[in-house]
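# Report on the structure
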Amino acid sequence: MAVDLSSPKPIRLAIVGIGKIARDQHLPAIAQDPRFELVAAVSRNAVVDGVANYRDIAELVAAGHDLDAVSLCTPPVGRAEIAMVAIDAGLDVMMEKPPAATLSEVARIEAHAVAAGRTLFATWHSREAAGVAPARQWLEGRRVERVTIDWREDIRRWHPGQDWILEAGGFGVFDPGINALSIATEILPGGWTVDDAEMHVPEGRMSPLAADLRLSCDGLAGARVPVTAAFDFLHEGPQQWDIVVDTDGGRLTLRMGGSVLEVDGQVSEAPDAEYARLYGKFAELVRTRASAVDVTPLRLVADAFLVGRRTIVPAFAW
Ligand code: NAP
């Protein structure tokens, strides 16, 4: 089951949770990467053509495929148990964001992976957007004065019928909002806290449709940098996924979820390759028997739920 380091054979992979992101991104990325061979899929209601299909992870393990790894694309609630079964079966594990429903679950999965000697990759796809690495580089050594995050999208367009997202543990508007936090904590690493949060929870649901956060992070020479974040899940018209960083050396703007970078009046943009990069990183982690687990964005969301005020707003219907 473990990957033979001397072998050029592809990583034999199963994918779990065949929904929107599995179909939109994972299956195409896996198909295009010769380092992977998709062997099986696990879903209660969906099938993937051309591979073995199972209804749950236990059935997959019992089938005795010579598997190396699994990629988990289910919602965050329940993902920890799936990861634990996979690790027990000797598999390396890649997880969609957010890595699990709680910080304790991530710690448990990580400890289990370490004890079993398995690779664990908690992915943050937005960190792979084209503008993120150059933004981080440009900001290094600059005095950051303020950060403004506007992450506004239409739940009906991107998450049609996904009731789980508004249940407890579904993250609500933090499901996209955590992508903004994953980028912000990547380009400005260090000292992040949530200082205030206000959330709008629709009547009869458990997770917010909107949130306004005040955060801060470390700046140069012990300074604190104020950060505001506005997350809106009911935004129609042009969708907005922007991070604006004002510095003593000018303004840096990441638009379109990090794929467009504007700095010093210059705009750079590159085709989307987030999931190709994620699978490339996973292949490298498997090859080197390493793991990558950063819970910083999840911790900020957990803190927002801890300190945030909740206002009940009118019921939401699809
Ligand atoms: P989705 O369309 O609802 O797909 C998730 C799939 O997981 C479902 O089709 C379902 O397939 C399976 N599943 C297993 N247990 C489930 C449960 N208890 N409740 C609901 N579904 C369950 O969701 P998604 O948009 O692909 O999101 C999955 C993960 O990817 C989330 O963590 C999300 O944050 C992340 N993600 C989503 C997007 C996006 O644009 N949608 C982008 C990036 C990352 P069966 O019913 O057949 O088992």
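Computed from a prediction, not measured in an experiment: that's the story for all the values here.

### Brief notes about the packing of helix 3 (residues 79–88) against helix 4 (residues 103–116)
Where helix 3 meets helix 4, the closest approach of the two axes is 10 Å, and the angle between their N-to-C directions is 5°. Here helix 3 lies roughly parallel to helix 4, going by the angle between them. Two secondary-structure elements touch here, helix 3 through Ala80, Glu81, Ala83, Met84, Ile87 and Asp88 and helix 4 through Glu105, Arg108, Ile109, His112, Ala113 and Ala116. In the contact of helix 3 with helix 4, the residues fall into seven nonpolar, one polar and four charged.

### Here we look at the sheet that holds strand 6 (residues 120–122)
Read across the open sheet, the six strands follow the order 3-2-1-4-5-6; overall the sheet is parallel. The strands lining the two open edges of the sheet, one partner per strand, are strand 3 (52–54) and strand 6. Strand-to-strand, the axes of this sheet are offset by a mean angle of 25°, without reference to chain direction. Both strand 1 (residues 11–16) and strand 4 (residues 69–72) contribute to a ladder of four bridges, which runs parallel. Bridging from a neighbouring strand, Leu13 pairs with Ala69 of strand 4.

### Quick look at the site of the ligand
The environment of the ligand is formed by 24 residues, the closest being Ser43, Arg44, Asn45, Arg79 and Asp175. Lys97 is positioned with one of its backbone polar atoms (N or O) 2.9 Å from an oxygen atom of the ligand. Relative to its free-state accessible area of 860 Å², the ligand is covered by the protein chains to the extent of 80%. For the shell around the ligand, the residue count by class is 10 nonpolar, eight polar and six charged.

### Topic: unusual backbone geometry
Cis rather than trans, the peptide bond between Lys97 and Pro98 has omega equal to -20°. Considering the arrangement of structural elements, one finds Pro98 in the loop between strand 5 (92–95) and helix 4. Phi is positive for Ala221, close to 50°, though the residue is something other than glycine. Even without being glycine, Arg289 reaches a positive phi, approximately 55°.

### Examining the environment of Ala168
Assignment of secondary structure puts Ala168 in the loop between helix 6 (155–158) and helix 7 (174–187). Separated by 31 residues in the primary sequence, Ala168 and Gln137 place their C-alpha atoms 37 Å from one another. Once residues within four sequence positions are removed from consideration, Ala168 is found in contact with Val77, Met206 and Ser207.

### Remarks on the nonpolar core
Ranked by internal contacts, the top residues of the largest apolar core, which has 76 residues, are Val70, Ile149, Phe174 and Phe231. Residues from two domains meet in this core; each of domain 1 (11–122) and domain 2 (129–270 + 302–313) gives at least three. Not counting residues up to four positions away in its chain, the partners in contact with Ile149 are Ala180, Ala184, Val227, Thr228, Ala229, Ala230, Phe231, Asp242 and Ile243.

### With respect to the sheet that holds strand 12 (residues 250–255)
Taken together, nine strands build an open sheet; the order of strands is 14-13-12-11-7-10-9-8-15 and the sheet is mixed. Strand pairing shows two members of the sheet lacking a second neighbour, strand 14 (266–269) and strand 15 (309–313), which therefore form its edges. Each adjacent strand pair in this sheet contributes to an overall mean axis angle of 15°, direction not counted. Sheet analysis places strand 12 next to strand 13 (residues 260–263), joined by four bridges and oriented antiparallel. Of the residues in strand 13, the one forming a bridge with Thr253 is Glu262. Strands in contact with helix 5 (residues 132–139) are strand 7 (144–152), strand 11 (240–247), strand 12 and strand 13; relative to strand 12, the strand with the most contacts, it is inclined by about 165°. Sitting on the sheet, helix 9 (residues 296–307) touches strand 8 (193–202), strand 9 (210–218) and strand 15, and the angle it makes with strand 8 is about 70°.

### Digging into the side chain of Arg127
For Arg127, the location among the structural elements is in the loop between strand 6 and helix 5. Of the polar contacts made by the side chain of Arg127, one reaches the side chain of Asp294; its length is 3.0 Å. Not counting chain neighbours up to four residues away, the residues in contact with Arg127 comprise Val132, Ser182, Ile183, Thr185, Glu186, Asp294 and Pro297.

Criteria and cut-off values
Residues numbered from 1 in each chain as written. Predicted model: local features only at pLDDT ≥ 70, side-chain atom pairs only at ≥ 80, totals over all residues. Heavy atoms only, no water. Axes fitted to C-alpha atoms, helices over the stretch in contact; angles between N-to-C directions. Helix = DSSP H or I, 4+ residues; strand = E, 2+ residues; numbered from the N terminus. Parallel < 35°, antiparallel > 145°, perpendicular 65-115°, else oblique. Contact = heavy atoms within 4.5 Å. Nonpolar A, V, L, I, M, F, W, Y, C, P; charged D, E, K, R; others polar. Pairing = 2+ DSSP bridges. Near = heavy atom within 4 Å. Polar contact = N/O pair within 3.5 Å; in protein donor to acceptor, adjacent residues only side chain to side chain. Areas by Shrake-Rupley, 256 points an atom, 1.4 Å probe, with all protein chains shown as cover. Core = buried A, V, L, I, M, F, W, Y, C linked by side-chain atoms within 4.5 Å. Buried < 20%, exposed > 50% of the residue type's maximum accessible area, 1.4 Å probe, protein only. Domains from an automatic or database assignment.

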